[in-house]
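Summary of the model geometry
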Amino acid sequence: MSRLYPGRPRLRAVAIAVLVAGFGSSGIARADATQDEIQALKAQVNSLMQKLEDLSRKQDANQAKTEKIEQKVETQPAAGAGASAVDAFLKGFYGTMDVSIDDTTKGIPSSQSVQGYNWTPGGGYLPNGAPVTKTSVGRVGWMPALSTNKSTLGYRGEHKIGDTGTKFVYQIETSLSITATPGLSTGYTAQGNSVKGAVGSGDTYAGFANGRWGSLKFGTSYTPYKKSTDRLNPFSGQLGDYAVIMGNTGGDSRVEFGTRQDHSLWYESPKFAGGASVDVLFSPGQNRTYDNVVQSAGSPDCNGGNMPGSGNLPLNCDDGGFSNSLSLALKYENGPFYGTMAFEQHQNVNRNSDGIGANNPIYGYYSGAGVPWIDNATQILPAGTTTTIPLGAYTTDIATEWAFKIGAQYKFDFGLTVSGILERMRRNVPAYLQYQNERSRDGGWLALTQELTVDDSVSFGWGHAGATPGDPGGQHNYNAINSNNTADMYTLAYKHKIDKALTWYVDGALTINRGNAHYDLGAGGRGVTTDCHDGTNTVFVDYSGAGPTTWGGCRIEGISTGVNYKF
């Protein structure tokens, strides 16, 4: 930068020139000038020199400041670069906040006549005396509640690895508790050691991604079996979430297939030409026991989704604990059409609690010689065949479970989206344990969503759970000869987009259970669920428990309104 004022050498030259001019003029006018005039001229020159010196010092000070500013500017990034870095960091945050006000009823009668049964060799189940009247306990009618539904907070980012085209990717996620204090995932119907609101309680991973070959990740995640049909569920997190039926083998509020898996590694392919892609996840069991009665190494809960002893059972993982799991999904998308096939398998699933429940003497529904789950001897089955039931078979109920589904979705140009799923779930147990097998069944899902305006839509859903080979009985009003244990769930919802991020919704749902079925409302991520358990809370020394009692055939219904905010 050029100087604004001349330097000291130039000042001296100016002063000298002025003096020379002054003396020259005085020489010309020597005859006329007086000595006083000469002294006055010298005084003026000296005054001028002083002013020039002061001006030079100020100029030097300004020059030093200018150079310091220039140096500072050169060492700083370009204007706006710092703000861009901050913006890039903040963009890594994402989340969902969903809060609703509900009013639901369990649909359990205050009292019900229950018929006890005996097992008669060659005759099957026969009535055992007069029916017994059972009375439900607690508040089983309409009750209001506030619920936090599938709310999360997370951060994701990436790091480029040189010029390889491969990136290190990561994500940290936690669930949010808005309407309740964060804590252990416990309730009066199930208990867990996992903590809501803790870092890592959501989909959390580290891995590598490349646009050409896809991504490989390690951590905790929902399985491809679930993710493949998420878009077919317009009621995610609401009362009528399809997880009440889909992927849910036993009813209640715990979903078996399509849940979040700990200690997993998975591969996600890029979308191939034509619109196809594939996802595969494997989770090692990390369990040293042959029957998976303890937690997996490194996990606070059993693989089945609860803590040992949950539900007033012995302190084991015998209510769904399993070893290795495999989940995969093939997806195809082309224009308005989307289709998927998905499969998931859990190895050596421990269901000893089903046998323990069937042998629970507290309820007194079954008695007499020849009851298969009590005697475990040679029995004559109703069909006239003879089979040998191993001694203690009900305490070695270990078998592989699997699920398979086909789903499709089509969006018409007039705003109607149609989604459907057919699902098959099986538990591979021998014939002598089929009497308590409630895990094998078929099911289906149908959803219709019509866009009314750019911001308004209405959705209808129907889920159906087919009949199962048997039922473990035990802790509910079990009818031994009632095989019509099917269920249907109906959901109707209206949504209004307040803006791009905020949506208000209202929905109503109804679950109709038949026979011994006991599906709920709210499974799959809601903070508050409504199931078929009453308020019984008697615990015995041997943990057999007399509660909470499950009332098969309950008719659950409710209405909910809330807001969903995504950022």
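Keep in mind the model is a prediction, meaning the values are calculated, not measured.

Points about the overall build of the chain
Each helix and strand in the chain was counted, giving 6 helices and 24 strands. For the chain, the proportion of contacts with a sequence separation of at least 24, taken over those separated by at least 6, is 69%. Entry remark: accessible area of the chain is about 27,800 Å², with carbon and sulfur atoms responsible for 61%.

Considerations on the side chain of Thr468
Examined against the element boundaries, Thr468 turns out to sit in the loop between strand E21 (456-465) and strand E22 (487-497). The residues touching Thr468, leaving out its near neighbours within four places in the chain, are Asn437, Glu438, Ser440, Arg441 and Asn485.

What about empty space enclosed by the protein?
With a probe scaled to a water molecule rolled over the atoms, the places where space remains empty come into view. Counted under the stated rule, the structure contains 5 cavities of 30 Å³ or more. Its boundaries defined by the atoms lining it, the largest cavity holds a volume of some 80 Å³. Lining the largest cavity are Thr249, Gly250, Gly251, Glu438, Thr468, Asp471, Asn485, Asn516, Ala517, His518 and Tyr519. Its residues assigned to classes, the lining of the largest cavity comprises 2 nonpolar, 7 polar and 2 charged.

Brief notes about the nonpolar core
Core analysis: the biggest nonpolar cluster contains 28 residues, and Ile245, Trp445 and Tyr519 have the highest contact counts within it. Those elements that provide at least two residues to this core are strand E20 (441-451) and E22. Per-element tally for this core: the top contributor is E22, with 3 residues. Not counting residues within four places of it along the chain, the set of residues in contact with Ile245 comprises Glu423, Arg441, Gly463, His464, Ala465, Met489 and Tyr519. Grouped together as the second largest cluster of nonpolar side chains are 6 residues, Phe257, Ala329, Ala403 and Met425 included.

What about the pairing of strand E10 (residues 214-222)?
With 7 bridges joining them, strand E9 (residues 204-210) and E10 adopt antiparallel strand pairing. Across the sheet, Thr204 pairs through a bridge with Thr220, a residue of E10. Hairpin remark: E9 followed by E10, antiparallel, with 3 residues in the connecting loop.

Section: unusual backbone geometry
Look at Asp252: it is not a glycine, yet its phi comes out positive at around 60°. Relative to the assigned elements, Asp252 resides in the loop between helix H4 (224-227) and strand E11 (260-268). With a phi close to 30°, His263 is a non-glycine residue in the positive phi region. Classification of His263 by relative accessible area gives buried; the value is 17%.

Points about the pattern of salt bridges
Evaluated as defined, the whole model comprises 21 salt bridges. Its salt-bridge partner being Arg254, residue Asp319 comes within 3.5 Å of it at the nearest N-O pair. Of this pair, Asp319 sits in the loop between strand E12 (276-283) and strand E13 (325-334) while Arg254 sits in the loop between H4 and E11, and the two are 65 residues apart along the sequence. The class of Asp319 is buried, set by a relative accessible area of 19%. On the basis of relative accessibility, which here comes to 21%, the residue Arg254 falls in the partly exposed class. The shortest N-O distance in the salt bridge between Arg427 and Asp397 comes to 2.8 Å. With Arg427 in strand E19 (residues 416-427) and Asp397 in the loop between strand E17 (386-388) and strand E18 (398-411), this residue pair connects regions lying 30 residues apart in the sequence. The class for Arg427 is buried, based on a relative accessible area of 4%. Residues participating in the shared-partner salt-bridge network are Arg351, Asp397, Glu401 and Arg427.

As for the state of the cysteines
Going through the model one piece at a time under the given rule, you end up with 2 disulfides. A sulfur-sulfur distance of 2.0 Å marks the disulfide that ties Cys302 to Cys317. Judged by the torsion about the S-S bond (-75°), the Cys302/Cys317 disulfide is left-handed. With a gap of 15 residues between them, Cys302 in the loop between E12 and E13 and Cys317 in the loop between E12 and E13 connect regions that are remote in the sequence. We classify Cys317 as buried; its relative accessible area is 1%. Covalent S-S linkage joins Cys532 and Cys554, the inter-sulfur distance amounting to 1.7 Å. Highlighted residues: Cys532 in the loop between strand E23 (502-513) and strand E24 (555-566) and Cys554 in the loop between E23 and E24, separated in sequence by 22 residues.

Conventions we followed
- Residues numbered from 1 in each chain as written.
- Predicted model: local features only at pLDDT ≥ 70, side-chain atom pairs only at ≥ 80, totals over all residues.
- Heavy atoms only, no water.
- Helix = DSSP H or I, 4+ residues; strand = E, 2+ residues; numbered from the N terminus.
- Contact = heavy atoms within 4.5 Å.
- Areas by Shrake-Rupley, 256 points an atom, 1.4 Å probe, with all protein chains shown as cover.
- 1 Å grid on protein atoms, 1.4 Å probe; cavity = no way out; pocket = protein on both sides within 12 Å on 5 of 7 lines; lining within 4 Å.
- Points joined across faces, edges and corners; volume = space filled by probe spheres on them.
- Nonpolar A, V, L, I, M, F, W, Y, C, P; charged D, E, K, R; others polar.
- Core = buried A, V, L, I, M, F, W, Y, C linked by side-chain atoms within 4.5 Å.
- Buried < 20%, exposed > 50% of the residue type's maximum accessible area, 1.4 Å probe, protein only.
- Pairing = 2+ DSSP bridges.
- Salt bridge = Lys/Arg side-chain N within 4 Å of Asp/Glu carboxyl O.
- Disulfide = S-S within 2.5 Å.

These values are about where atoms sit, not about what they do.
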